[in-house]
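# Remarks on the overall topology
Each chain, letter by letter, is given below.
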Amino acid sequence: MKYPAQSFEQAANHAENTSSHRHVRKKRKPLIIRVIGRFLSVIGATFLSFFLVFCITGSICAIAATAYVINYMESTTTVSIQEMAMSYSTNIYATDANGELVTLYVAQNAVERIPVDLEEVPQHVRDAFVYGEDERFYSHEGVDYKRTLAAFANLLLNFWDTDQGGSTITQQLVKNLTGDNEASPQRKIREIFRAMQMEKRYNKDEILETYMNYIGFGGAANGVEKAAQKYFGKSVGELSIAEAACLAAIPQSPEVNNPFAGHYETEYNAATDTYIKTDNWINTGREINRNRMEYILFQMYDNGAITFDEYQAALSEKLLFTDTDEYKALHPELEENQKDEEKSDITSWIVDEAIREFSEYLMEERGITQERALTLIRTGGYQIYTTANLEMQAYVEEKYSDLNNLLKGMISADRTIYYRDLDGDGVKTLEESMSLQSGFVAIDYAGNILCTVGKVGEKTASLGTSYASTEPQQPGSAIKPISTYGYTLENDLITWGTMALDAPPLVINNKKWPTNYSSSGGMRYSNTPVKVFTAIQHSYNTIPALLCKTYGLQNIYNYATKTVGLSLNPERDIDYAPLAVGGLSYGVTVEDMVNAYMVYGNGGYFSDAHIINRVESGDGGLIYAGGDDYASVISPETSYVMNMLLQNVVARGTGTAAKINGVPLAGKTGTTSDWFDLEFMCLNPDFVSGVWIGYPENKEIRNHGSISSARIWKNIMREWLEANYSGAGFPECDTVIKGNVCATTGKIAVEGCPSAGTGYWKSSNAPYCDGVAHVLQ
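Here, residues in each chain are numbered from 1, in the same order as that chain's written sequence. The predicted nature of this model means local features are confined to residues of pLDDT at least 70 and side-chain atom pairs, given and counted, to a pLDDT of 80 or more, with totals for whole chains, interfaces and linings taken over all residues. Excluding hydrogens and water, the side-chain values take into account all heavy atoms of the structure.

## Details of the pattern of salt bridges
Salt bridges are counted wherever a side-chain nitrogen of Lys or Arg sits within 4 Å of a carboxyl oxygen of Asp or Glu. Summed over the entire model, instances satisfying the criterion amount to 13 salt bridges. Here Glu199 ties to Lys204 by a salt bridge, and the two come within 2.9 Å at their closest N and O atoms. Partly exposed residues are those whose accessible area sits between 20% and 50% of the maximum for their type, while under 20% is buried and over 50% is exposed, using a 1.4 Å probe and protein chains only. What makes Glu199 buried here is its relative accessible area of 15%. You can call Lys204 buried: its relative accessible area is 16%. For Lys459, the salt bridge identified is with Asp352, shortest N-O distance 2.7 Å. Linking Lys459 in the loop between strand E9 (449-453) and helix H20 (484-490) with Asp352 in helix H16 (residues 349-366), this pair joins segments that are 107 residues apart in sequence. We count a stretch as a helix when DSSP gives it H or I for four or more residues in a row; a strand needs E for two or more, and each element gets its number in order from the N terminus.

Shown next as structure tokens:
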């Protein structure tokens, strides 16, 4: 091979370079170094990848979280100080004679407070709460982020021995007003946004005033005024610096920090291997309260709210609490005041009736217990409007203040006392005796309860026994018009003059039953036909029993319960004694009896008796309305004819003692066979009412021969009706036929018939005399 010609010098240089490249090579790194380097390179790349993914994911999450929070903030309801201030009180109202709304009751519940304006609260009291609970209150906008972060850090790292609260006064107020205590991040977010919204709607003074009025101070005491009275017996305006700090120390943990907190000492009982509570009270709250009080005083001094001298004086001040013997010795009037307060806490008859009615509605509507229903009423902020006639209520209560008012013109109360020997010592004393009791109810013809009084004498308990509405009584013969006579008249089975045999239709235990009672207490029957109007007029027992036997117990029971609303026992009251003569298995209340009679004074309409007109929620929404069941249940003709039959009882029969000049009255007496109970139901054109009298226990009424239930009713209502009767009449019924009663047949008399007075017949069952007397027997 031939190459291009080269100079000697070029050839020499080429040879040198070639020799240099052959002998100089790059030195390789050790294997371990190369492995570590490659590993670190991979780790770095992976970390960088994860970091980028984290940044991207974090950004997405932050955007989503921001969107969620903004949306959550928009959906979070705001808190209104005014609305929440109203929602805690359940009120019961009635309307007076002038049409003005009168508050009868403000719920006594687990929360007691006496609101005060901030102007009435001294500056040092305000400062005690601000510097004790939220020292940057006047500078933040609802949330103290520095304090919140510190609380969160303490939760994780435990810098301080005690819990470091992060909530501001505004946040605490939000929590108190809403009752939102859920332990969740969502709740905290709600609280923060609500606090921020509240700060935008209200100024600092409004927030502080509401806070000081709402926070808890242990037990039922809420609000600084109530706390000042509870612990120091003075108004908030009279509090010293030390007393203010003492109260400000409580809200952090009211049941632990309050100066009265403590527990009863327990002792071990070896026999039962249990610990038994003793009467020795151990106070634990004083010391705990004192420690926090000193902290608050220092905060006040440290923030310039008080001087050093004031700080030292407050630390040295001896606090005089209302539970100490020293305080009680200085205020001997406290015991009497406490008795007055306990008396004023007793609810009225109207309020009792309203609470019971609404609690029954809540129990049925929500499927809850009575205890739970009563709690809801106390705390639910309901506005309950009643149908009560306040003037009538006051009038009847005055009559019921003394038993002699009811027995006037008949017998003195002391002659009716039932003496007993309860302790078995052989001596009957006044302390062991029983006095007569009584209950009265008045209802208008729409079912509205106008008046209810549950016992004679002073009312001594809330939601206690009422002989008008809670204690069932035996109605005796007063049941007849709303059982046997009512059913048969409505179904055209009897008329005004129907003839029926006055003789016992049944034999029970080998004895003829029933017979009629005489005023002397004897038993009798005539064994001759009598007319229905006469049987009702003189309260025969034989005729109702005959009607039960002839037309069926179940039919008559259905009329009494389903048509006119009596509450009877389906297992024991579908029988002759209950339906014919009112010998019920358990009894029926005066209120139920009066309610049933309303159909005979208004053309045949019925509505369950109710004292509540309506119940509204705190925001005005309708929750419950009484009287929405008002409906026609019997014919106007039945209503009219029965009304005339009952007017006949007052005019000529057992109810003559009830007569009041110028007032149309229709009524029926009721007496049990053993003289345990006396009743009188009475209708006038304005309302229907009824009264029961007897002992709290089933005993024969002493000197009952001198007592008339019709006269008792008159003693109660005469003055009221003479002053307030409207002058109206009972509803007319043009289709009812009025005529003379044939004395022989009981039918509508025609020419030549002997007359037994005036009678009234339904147009659907108005037989004219044909000379034939049909006797039911």
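Structure's up, so let's keep going.
## As for the side chain of Thr745
On the secondary structure map, Thr745 appears in the loop between strand E23 (737-742) and strand E24 (755-761). The definition of a polar contact used here is a pair of N or O atoms within 3.5 Å, where within protein one atom must be able to donate a hydrogen and the other to accept one, and adjacent residues in sequence count solely through side-chain atom pairs. Of the polar contacts made by the side chain of Thr745, one reaches the backbone nitrogen of Lys747; its length is 3.2 Å. Should any heavy atoms of two residues lie within 4.5 Å, those residues are considered in contact. With residues up to four places along the chain from it excluded, the contact list for Thr745 reads Gly497, Met499, Cys769, Gly771, Val772 and Ala773.

## Regarding the nonpolar core
Note that soluble globular proteins tend to have their nonpolar side chains buried in a common cluster. Only buried Ala, Val, Leu, Ile, Met, Phe, Trp, Tyr and Cys residues count toward a nonpolar core, and they belong to the same one when joined by side-chain atoms within 4.5 Å. Formed by 93 residues in total, the largest nonpolar core has its most connected members in Tyr597 and Tyr600. A total of seven residues in this core trace back to one element, the largest contributor, which is helix H26 (residues 636-652). Excluding anything up to four places from it in sequence, Tyr597 contacts Ala478, Pro481, Ile482, Leu646, Lys668, Met681, Leu683 and Val688. Listed in part, the 50 residues of the second largest apolar core include Tyr131, Phe137, Ala227 and Ala314.

## Side note on the packing of aromatic side chains
In summary, the pairing rule links any two rings of Phe, Tyr or Trp, Trp by its six-membered ring, whose centres are within 6.5 Å, and it sorts them by plane angle into stacked for under 30 degrees, edge-to-face for over 60 and tilted for everything else. Summed over all chains, the structure comprises 25 aromatic pairs. Seen from their ring centres, Tyr231 and Phe260 are 4.7 Å apart, and the 65° between their planes marks the pair as edge-to-face. Highlighted residues: Tyr231 in helix H9 (residues 224-232) and Phe260 in the loop between helix H11 (254-257) and strand E3 (262-269), separated in sequence by 29 residues. With 5.0 Å between their ring centres and 75° between their planes, Tyr264 and Trp281 make a pair best called edge-to-face. You can see Tyr264 sitting in strand E3 and its partner Trp281 sitting in strand E4 (residues 274-283), a full 17 residues away along the chain. Judged by its relative accessible area of 39%, Tyr264 is partly exposed. Aromatic rings pair up to connect Tyr231, Phe232, Phe260 and Phe321 into one cluster. Only Lys NZ and Arg CZ are tested; either one counts as a charge over a ring when it is within 6 Å of the ring centre and within 35 degrees of the ring normal. The positively charged end of Lys459 is found above the aromatic ring belonging to Trp349, 4.9 Å away from the centroid. One cation-aromatic arrangement involves Arg614 over Tyr385; the distance from NZ or CZ to the ring centre is 3.9 Å.

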